[in-house]
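Next come the chains, spelled out residue by residue.
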Amino acid sequence: MVQTRTDARLQSGIIEQDFDRLFRYMRSKRFRNGEDTGGEPANYIYAYHPEQELDVERRIPLLVNRLQSMDPVDSADTAPAVLVINIYEFAIDFMKKNDVFDAAIEQEPDMHGEEDTENDNDGIAAASSWPRLQDDDFYQALAGMLGPDNDDFKAALKERYEQAAANNEADLVFFTGVGQVYPYIRTHALLNSIQDIVRSSTPVVVFFPGTYKKTASTVSVMRLFNTLDADNYYRAFSLNTAIMEGARA
């Protein structure tokens, strides 16, 4: 128990250091102007251990407030406005506006297909009792509604961004809640959609509960919750790498 508390305090300290470094990195005009991306969209991922979800969730509003109240770096500068989109809350709101949320909740128990009632040696239902995703009607329905190929969902996301941008409220865009919408919305698919919605020079930051890193082949690999099969994504920059390089500079 003592070791667990010690580990928790250590991890919290790491997150605190990271968010201080994130602020120092994001306050630079080069970051806020979408520079140093080699012509790629200014899309970034900050990856963290899934066990730190609540700590990260608590610190994001603090980071936003700190950025929005920062002192300008020069006479031509202003503090950035940050648009935060919790994609989980956004998806629920989208479903409610389309009058399908209550029906989804009501019908969900009957949409997972026939369960395999075979038990293991302890009398517990085997893992195979749940159908594969491709055979799960509930997954297929929600993934079709919330996926990147759904024009209505993409249009709603675009409208949310454009309204904020028109009011000068989207100098930076943060996406949170990506772990909560898995498997209906995949992070790599969300990032692909964002490229058609947000101006390429506007920094977009996805807070990702898992790992994100470059491999030897330069392909970026993201692994949600540090356990699921990796998705390849090569057009986002790692904020973890950037802030650590900045700390060593």
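Please refer to the structure placed before this passage.
Analysis parameters
- Residues numbered from 1 in each chain as written.
- Predicted model: local features only at pLDDT ≥ 70, side-chain atom pairs only at ≥ 80, totals over all residues.
- Heavy atoms only, no water.
- Helix = DSSP H or I, 4+ residues; strand = E, 2+ residues; numbered from the N terminus.
- Buried < 20%, exposed > 50% of the residue type's maximum accessible area, 1.4 Å probe, protein only.
- Contact = heavy atoms within 4.5 Å.
- Areas by Shrake-Rupley, 256 points an atom, 1.4 Å probe, with all protein chains shown as cover.
- Phe/Tyr/Trp six-rings, centres within 6.5 Å; stacked < 30°, edge-to-face > 60°.
- Salt bridge = Lys/Arg side-chain N within 4 Å of Asp/Glu carboxyl O.
- Axes fitted to C-alpha atoms, helices over the stretch in contact; angles between N-to-C directions.
- Parallel < 35°, antiparallel > 145°, perpendicular 65-115°, else oblique.
- Left-handed = near helix turned anticlockwise from the far one by under 90°.
- Core = buried A, V, L, I, M, F, W, Y, C linked by side-chain atoms within 4.5 Å.
- Pairing = 2+ DSSP bridges.

Student: A description of the overall build of the protein chain should follow, citing residues and the corresponding values.
Tutor: When you go through the protein chain residue by residue, the secondary structure sums to 9 helices and 7 strands. For the protein chain, buried positions account for 40% of its 249 residues. In the protein chain, 73% of the contacts between residues at least 6 apart in sequence involve partners at least 24 apart. Of the roughly 14300 Å² of accessible surface on the protein chain, 48% is carried by carbon and sulfur atoms.

Student: Provide a residue-level description of the packing of aromatic side chains, including the pertinent values.
Tutor: Using the criterion set out here, one finds 13 aromatic pairs in the structure. Residues F94 and F153 carry aromatic rings whose centres are separated by 5.1 Å and whose planes lie at 90 degrees to one another, so their mutual orientation is edge-to-face. Here the residue F94 occupies a position in helix α4 (residues 87–97), and F153 occupies one in helix α7 (residues 151–166), the gap between them amounting to 59 residues. According to the relative accessible area criterion, F153 is buried, its value standing at 4%. Ring centres of F174 and F207 lie 5.2 Å apart, and the angle between their planes is 70 degrees; on these two criteria the pair is classed as edge-to-face. One end of the pair, F174, is in strand β3 (residues 172–176); the other, F207, is in strand β4 (residues 204–214), with 33 residues separating them in the sequence.

Student: Give a description of unusual backbone geometry that names residues and reports values.
Tutor: The amide bond that connects Y182 to the next residue, P183, takes the cis arrangement and shows omega of 5 degrees. Position of P183 among the secondary structure elements: in the loop between β3 and α8 (187–194). Phi at N168 is positive, roughly 55 degrees, even though this residue is not glycine.

Student: Requested: an account of the pattern of salt bridges, with residues and values cited.
Tutor: Per the stated rule, a full pass over the model turns up 11 salt bridges. We note a salt bridge from R30 to E35, for which the minimum N-O separation is 3.0 Å. R30 sits in the partly exposed class, given a relative accessible area of 44%. Here D77 makes a salt bridge to R32, at a shortest N to O gap of 2.8 Å. Here R32 lies in helix α2 (residues 29–32) and D77 lies in the loop between α3 (53–68) and β2 (82–86), a separation of 45 residues in the sequence. Taking relative accessible area as the criterion, D77 reaches 9% and is therefore assigned buried. The class for R32 is buried, based on a relative accessible area of 11%. When salt bridges with common partners are traced through the structure, they connect D20, R24 and R66 into a single cluster.

Student: So what's going on with the packing of α4 against α7? Residues and values would help.
Tutor: Here α4 crosses α7 at 120 degrees, and the two axes come no closer than 11 Å. Put simply, α4 runs oblique to α7. In terms of crossing hand, the pair formed by α4 and α7 is right-handed. Where α4 abuts α7, its residues I87, F90, A91 and F94 lie against D152, F153, A156, L157 and R160.

Student: Any details on the nonpolar core? Residues and values, ideally.
Tutor: If you look at the biggest cluster of nonpolar residues, it comprises 39 residues, and the most contacted ones within it are I87 and F175. Among the elements that make up this core, the one with the highest residue count is α7 (6 residues). If sequence neighbours within four positions are ignored, I87 has contacts with F153, L157, F175, T176, G177, V178, V181, I185 and L190. One finds L22, I60, V64 and M70 within the second-largest nonpolar core, a separate group that totals 23 residues.

Student: Residues and numbers for the environment of A104, please.
Tutor: Position of A104 among the secondary structure elements: in helix α5 (residues 101–107). Residues A104 and A141, 37 residues apart in the sequence, show an inter-C-alpha distance of 9.1 Å. Every residue in contact with A104, bar those within four places of it in the chain, is listed here: M95 and F138.

Student: Give a description of the pairing of β3 that names residues and reports values.
Tutor: When you tally the buried positions in β3, you get 5 out of 5 residues, the bulk of the element. Alternating positions in β3 separate into two faces, L172, F174 and T176 on one and V173 and F175 on the other, with burial throughout. The sheet contact formed by β2 and β3 spans 5 bridges and is parallel. The residue bridging L83 from the neighbouring strand is V173, located in β3.

Distances and angles like these do not, on their own, reveal function.
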